[in-house]
Protein chains: 2
Amino acid sequence: MLENLVIIGSGPAAHTAAIYAGRAKLSPLIFEGQFAAGVAAGGQLTTTTEVENYPGFPDGIAGPELMDRMRAQSIRCGARIETKTVERVDLRSHPFQVFVGSETIQAQSIIIATGATAKRMNIKGEDRLWQKGISACAVCDGALPFFRNQVLVVIGGGDSAAEESSYLTKFGKKIYLLVRRDTLRASKVMQERLKSNPKIEILWNTEAIEVLGEQKITGLRIKDNKSQGERILEAGGLFYAIGHLPNTSFLEGQIECDETGYIKTKSGTTLTNIPGVFACGDVQDHTYRQAVTAAGSGCMAALDAERYLSHHS
Amino acid sequence: MLENLVIIGSGPAAHTAAIYAGRAKLSPLIFEGQFAAGVAAGGQLTTTTEVENYPGFPDGIAGPELMDRMRAQSIRCGARIETKTVERVDLRSHPFQVFVGSETIQAQSIIIATGATAKRMNIKGEDRLWQKGISACAVCDGALPFFRNQVLVVIGGGDSAAEESSYLTKFGKKIYLLVRRDTLRASKVMQERLKSNPKIEILWNTEAIEVLGEQKITGLRIKDNKSQGERILEAGGLFYAIGHLPNTSFLEGQIECDETGYIKTKSGTTLTNIPGVFACGDVQDHTYRQAVTAAGSGCMAALDAERYLSHHS
């Protein structure tokens, strides 16, 4: 079976691409995946509660509801959706081949919108308290009332850990930054700013070993990895800044990625190094990673694919 | 008075920037303008009717209502809005100066989201029938039921006129492309494709001199500019593809623009050539020009500004 356009993904980027491609009568086929990359169809927004910053919803909207609405809109615009996971693709010849279970689909063009998955620590209590005080996105969640004037903990040793600690001082009354080693990978300037901020305290050589609380987070059990001494740190919020993994393993290296594994796109477009294959959303963005930026790039991918198809079919 | 962040504009880019900047406690000040660039506050969406492709609204939403919602959300997130037009800015020293009537506002950072205005022909009937059959965006409006199976007319001689004609064959039963001269500026490949498409007819040396119809468009009066002969062309839709003008005159050349007048931004960001000044939305995008792409870039501008301010204040 030869498809015009296969879209792989299920978040704001995938559905915005589908809305635009559907309206352009490309009859796109979406593979939304079945718990692909460990996340339900709908992407990372399905693991959030209230979304206050997606423009158009002044009273906020629940993450899963926003994704339900986008999915309904895709279908209404003419997209077909299959709840199956793409296992691998063959991009070495055209039309491309998409392998899904025992099926093989031929595609004139492909939009990759598989997102990225926040890394987890896999410590005790983490599953129970995920989104009940644990977040992987300070920009998304820091301003929520839940975290106001609380003691907040950030885990990580890189630039984003430093930036997120600094950002969270706008909301929390005190920020602890837990660093596993005795040094930060963040830039010198950033380190100086952290150290001069009276709201921030860096705990060196420190690891979290358990998140405490039943319905919501109340603190962490932490360990000094020099002395091996353990203690309880009371806290009302925990932010992971230990990075994300872009979901690209099914590509088996057939698309050019940067050194951190994100798909490279041609500046100002969604074009990858393979003509006819486009990438949008978090799988190609390690900077902004917001629902609305993903949606914007999904629109771009559909318009780029439409232009490609009008020249090649 | 010294402001953290002044946002100039009133469309999806401006309000998304305000939502993000407000949530980041930057207390942004928006100048939404008073009929600036000939468009009411809210931008180009206020001149549209139904918006079917903004993700999150499966049943569509009226353009003005979408903008009302974004504006309310900006305020809710902490933005202050003034319905005044920025006349000029001084970006040569920091803090920047923003001139509004008799007031001068000092700003640590500025986000420019003033958009672009579709060029008009200023022919008879145009004002009466704008958005009643006349559109400046085939991608936005072509799929609307209003235009289905109609005879459609495109005016323009460049690449976008050629692309929009081709795009509209998905919806209309016949597309006339009116070209003022006897040649197209579009690429050879594109010209061949147009000529080989049985739905498209190019009318060379032809100008529209009047749009006909009362409540909605019924046709055009056109003129052969060689023979000066006039005739009526029946049509159910008219698409202008004669370009847009980015709204940058108030900048008086202080920001680097490309050869067509759009603000240049550093690849993959909203940074202009002046540190602390950011650009988002259609004023820096002549390719995609959609509500959701503008919104996405507005979010980027706010995050870029937040990062700038956290390093410089």
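In this text, all values refer to a predicted model and were calculated from it rather than measured experimentally.

Conventions and cut-offs
Residues numbered from 1 in each chain as written. Chains lettered and ligands numbered in written order. Predicted model: local features only at pLDDT ≥ 70, side-chain atom pairs only at ≥ 80, totals over all residues. Heavy atoms only, no water. Helix = DSSP H or I, 4+ residues; strand = E, 2+ residues; numbered from the N terminus. Rg over C-alpha atoms; globule rule 2.2 N^0.38 Å. Buried < 20%, exposed > 50% of the residue type's maximum accessible area, 1.4 Å probe, protein only. Contact = heavy atoms within 4.5 Å. Areas by Shrake-Rupley, 256 points an atom, 1.4 Å probe, with all protein chains shown as cover. Lys, Arg positive; Asp, Glu negative; His and termini not counted. Charge placed at Lys NZ, Arg CZ, Asp CG, Glu CD. Least-squares fit on C-alpha atoms with pLDDT ≥ 70 in both. Patch = residues over 30% accessible without salt bridge, like charges linked within 9 Å, V, L, I, M, F, W, Y side chains within 5 Å. Salt bridge = Lys/Arg side-chain N within 4 Å of Asp/Glu carboxyl O. Pairing = 2+ DSSP bridges. Axes fitted to C-alpha atoms, helices over the stretch in contact; angles between N-to-C directions. Disulfide = S-S within 2.5 Å.

### Notes on the overall build of chain A
Secondary structure summary: chain A contains seven helices and 19 strands in total. Relative to the globule expectation of 20 Å for 313 residues, the C-alpha radius of gyration of chain A, 21 Å, shows essentially globular dimensions. Its C-alpha atoms give chain A principal-axis dimensions of roughly 65 × 40 × 35 Å. Expressed as a percentage of its 313 residues, the buried residues of chain A come to 59%. Partitioning the intrachain contacts of chain A with sequence separation of at least 6 by distance along the chain shows that 61% fall at a separation of at least 24. Carbon and sulfur atoms make up 48% of the accessible area of chain A, which totals about 12,800 Å². Positive and negative charge centroids in chain A, built from 34 and 34 side chains respectively, lie 3 Å apart.

### Focus on the relation of the copies chain B and chain A
It takes a turn of 180° to lay chain B on chain A, together with a shift of 0.0 Å along the axis; the resulting RMSD is 0.0 Å. Taken together, these values place the two copies in the relation of a two-fold axis. In terms of C-alpha distance to the rotation axis, chain B has Gly-296 of chain B as its closest residue, with the C-alpha 2.5 Å off the axis. Interface overlap between copies is the fraction of interface residues in one copy that are interface residues in the other; for chain B against chain A it reaches 100%, indicating a shared surface.

### Digging into a positive patch on the surface
Residues and elements named next belong to chain A. Together, Lys-119, Arg-180, Arg-181 and Arg-185 make up a region of like positive charge exposed at the surface. Considering the arrangement of structural elements, one finds Arg-181 in the loop between strand 12 (174-178) and helix 6 (188-196). Exposure remark for Arg-181: the relative accessible area of 41% places this residue in the partly exposed category.

### Thoughts on the sheet that holds strand 16 (residues 230-234) of chain B
Residue and element names in this part refer to chain B. Ordered by their spatial adjacency, three strands build an open sheet running 14-15-16, and the pairing between neighbours is antiparallel. If you trace the sheet from one side to the other, it starts and ends with strand 14 (206-212) and strand 16, each paired once. Strand-to-strand twist across the sheet, computed as the mean angle between neighbouring axes with direction ignored, equals 30°. Across five bridges, strand 15 (residues 219-224) lies against strand 16 in antiparallel orientation. Within strand 16, the residue paired with Ile-222 across the bridge is Arg-231.

### What about the state of the cysteines?
With the rule as written, the count across this model stands at two disulfides over all chains. Put simply, Cys-137 of chain A and Cys-140 of chain A are joined by a disulfide, and their sulfur atoms are 2.1 Å apart. On the sign convention where negative is left-handed, the bridge of Cys-137 of chain A and Cys-140 of chain A, at about 70° about the S-S bond, is right-handed. Take Cys-140 of chain A: its relative accessible area is 24%, and that puts it in the partly exposed class. Cys-257 of chain A carries a free sulfur, and the closest cysteine sulfur to it, the one in Cys-280 of chain A, is 14 Å from it. Judged by its relative accessible area of 28%, Cys-257 of chain A falls in the partly exposed class. Unpaired in terms of disulfides, Cys-77 of chain B finds its nearest cysteine sulfur in Cys-299 of chain B, a separation of 12 Å. Owing to a relative accessible area of 14%, Cys-77 of chain B belongs among the buried residues under this scheme.

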